[in-house]
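Structural overview for review
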Amino acid sequence: MNDLETRAAPALPGALRRAAPALLGYAAVRALGLVVLALWSSARGKDAYTLLTARWDALWYTRVAELGYGYEVRLPNGDVHSNLAFFPLFPWLERLVAAVSPLSCADGGFVVSLLASLAAAWGIFAVADHVHGRRAGVCAVLLWAVLPVGIVQSMAYSESLFTALAAWSLYAVLTGRWVTAGVLAGLAGLTRPVGLAVVAAVWAAGIAAFARERSAGAAPRRTSFVRKRSAVSADGARTGGRAGTPATARRVHAPEGAPRDPGAPGIRLRRVLGMVLAPLGTAGYVLWVGHRTGDGPLGYLDVQAGWRNGFDGGYAFARFVAEKFTSFPSAPAGLGLIVGVGLLVWLYVVCVRQRQPLPLLVYAGVVTVLALCASSYFGSKPRLLLPAFPLLLPLALALARLRTPRSALVVGAVAVASAVYGAFWLNGSGPP
């Protein structure tokens, strides 16, 4: 799983051409979702653009962008909803767009989300292509696009921005670019609390690399967290864990017993620097909130408690699911939730059995645990799981093994269903 096989990264134009089918497919799916949303909203007398940019969390981000921090709402039950719960990078970018263009901060949020979603799609492709090959990379992006909550990728929310930063940070780790990985992880930590998952991935990869060097007594080299080549069948198709990888993919192998690289100490230093940079975003904002509120290092937890949000190991969510079985009308929903959680667990087990690189396993595991074990906003859990794209890789591999017409039919059918569900969901009464 963590050998020294490396692949030279293509130059930017070549990388863009390689990712073009994935990006074009992603754009087509998202365009379909927006068209269906516009038609559905118009039929209900609502404005689709307002749903995307001026409801729920989008309003909180816009207020931060326009007025800064310090706004709060006190509810009749005593809860205090403070905008300090929202991390700053997304509203900073909203404000930047508004400052350099005639757009408003709300418009800026839509633009940032639109561009970030494309960057996220490219990052997901880069990770999946590196681990499983180009065809699986395209399938992974399309699967991410057609998720039932995929409409969130087009909203003025921070999920797309976070996923872009996380995906490219993971790709940097997989290709041994430690400082880049640390910088992107730090920015992800300024975007959402779940930035801790990216930090954990960077640290896990760094510790594993140091442990391998220590046990092998070898000089540090740029390490690529990929599996060894699988067999190539007569028709050139991959079999096994790297199905979908072109048989002509060129790789450069680090020879066994190679002499110590003169830059080896620099590699180790860059790895340490990346690990140091990774947690600075999350730590910096959390400590700033604690200082601003006067509640010390744990002040951010008090802010989240005002939203009745915390980490309880999944107890509140389990009670929420159990309550669904107290009446027949809600029992199918409870059963659906159990099936959904079971599917997530099964996908993660498959990821482990397929020996996904350690950084991806750590990242996906932490995102999933934090999403499922939060004590509030149960209806938002599908959205909170949106960044956990490594869980889609087993499905992407399965889809990549199908012939193109059949895989296109599957993706097309799911894309239509996702677009309809997204329009229905966003026109509902509760926040996604």
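Residue numbers run consecutively from 1 along every chain, following the written order of its sequence. This being a predicted model, a pLDDT of at least 70 is required before a residue's local features are given, and a value of 80 or more before pairs of side-chain atoms are given or counted; all residues contribute to the totals for chains, interfaces and linings. Side-chain numbers come from the whole structure's heavy atoms, not from hydrogens or water.

**Section: unusual backbone geometry**
Phi is positive for Trp 56, close to 55°, though the residue is something other than glycine. Of note, Trp 56 is situated in the loop between helix H2 (48-53) and helix H3 (57-67). Helix and strand definitions follow DSSP, with helices as H or I runs of at least four residues and strands as E runs of at least two, each counted in order from the N terminus.

**A look at the packing of aromatic side chains**
Two aromatic rings from Phe, Tyr or Trp, using only the six-membered ring of Trp, form a pair when their centres are within 6.5 Å; if the ring planes differ by under 30 degrees the pair is stacked, by over 60 it is edge-to-face, and anything between is tilted. Taken as a whole and assessed by the stated rule, the structure comprises 22 aromatic pairs. Both rings, one in Tyr 61 and one in Phe 90, keep their centres 5.1 Å apart while their planes meet at 65°; by these two values the pair is edge-to-face. Of this pair, Tyr 61 sits in helix H3 while Phe 90 sits in helix H4 (residues 89-100), and the two are 29 residues apart along the sequence. Among the residues examined, Tyr 61 registers a relative accessible area of 3% and is labelled buried. Burial here depends on accessible area, computed with a 1.4 Å probe over protein chains only, as a share of the maximum for the residue type. Under 20% is buried, over 50% is exposed, and the range in between is partly exposed.

**Concerning the nonpolar core**
Within the largest apolar cluster, 114 residues are counted, with the highest numbers of intra-cluster contacts made by Leu 37, Trp 144, Tyr 285, Tyr 363, Phe 389 and Leu 426. Counting residues per element, this core draws most heavily on helix H5 (residues 105-132), at twelve residues. Whether two residues are in contact is decided by their heavy atoms: any pair within 4.5 Å suffices. Filtering out sequence-adjacent residues up to four positions away, Tyr 285 remains in contact with Tyr 69, Asn 83, Leu 84, Phe 86, Phe 87, Pro 88, Leu 190 and Tyr 300. Only buried Ala, Val, Leu, Ile, Met, Phe, Trp, Tyr and Cys residues count toward a nonpolar core, and they belong to the same one when joined by side-chain atoms within 4.5 Å.

**Here we look at the side chain of Gln 356**
Within the secondary structure, Gln 356 sits in the loop between helix H14 (331-353) and helix H15 (358-372). On the accessibility criterion, Gln 356 (1% relative accessible area) is buried. By the criterion applied in these results, polar contacts are pairs of N or O atoms within 3.5 Å in which, for protein atoms, one can donate a hydrogen and the other can accept it, and in which residues neighboring in sequence qualify only through two side-chain atoms. A polar side-chain atom of Gln 356 sits 3.0 Å from the main-chain carbonyl oxygen of Pro 390.

**What to know about a nonpolar patch on the surface**
Think of a patch as exposed residues, more than 30% relative accessible area, with no salt bridge, where like charges cluster within 9 Å and nonpolar side chains (Val, Leu, Ile, Met, Phe, Trp, Tyr) cluster within 5 Å. In these tables, accessible area is a Shrake-Rupley quantity obtained with a 1.4 Å probe, and a residue counts as shielded only by the protein chains included in the view. The salt bridge definition used is simple: a Lys or Arg side-chain nitrogen within 4 Å of an Asp or Glu carboxyl oxygen. A surface patch of nonpolar side chains, about 380 Å² in accessible area, is lined by Phe 325, Leu 335, Ile 338 and Val 339. As for its placement among the helices and strands, Ile 338 is situated in helix H14. Classification of Ile 338 as partly exposed rests on a relative accessible area of 44%.

**Notes on the confidence of the model for the protein**
In this model, the protein carries an average pLDDT of 87, and 87% of its residues clear a pLDDT of 70 or more. Considering only residues more than four positions removed or in separate chains, one finds that residues 1-6, a stretch of pLDDT under 50, has 32 contacts. The pLDDT value expresses, per residue, how confident the predictor is, ranging between 0 and 100. Note on residues 227-260: pLDDT is under 50 here. Beyond four places in sequence and across chains, it has 70 contacts.

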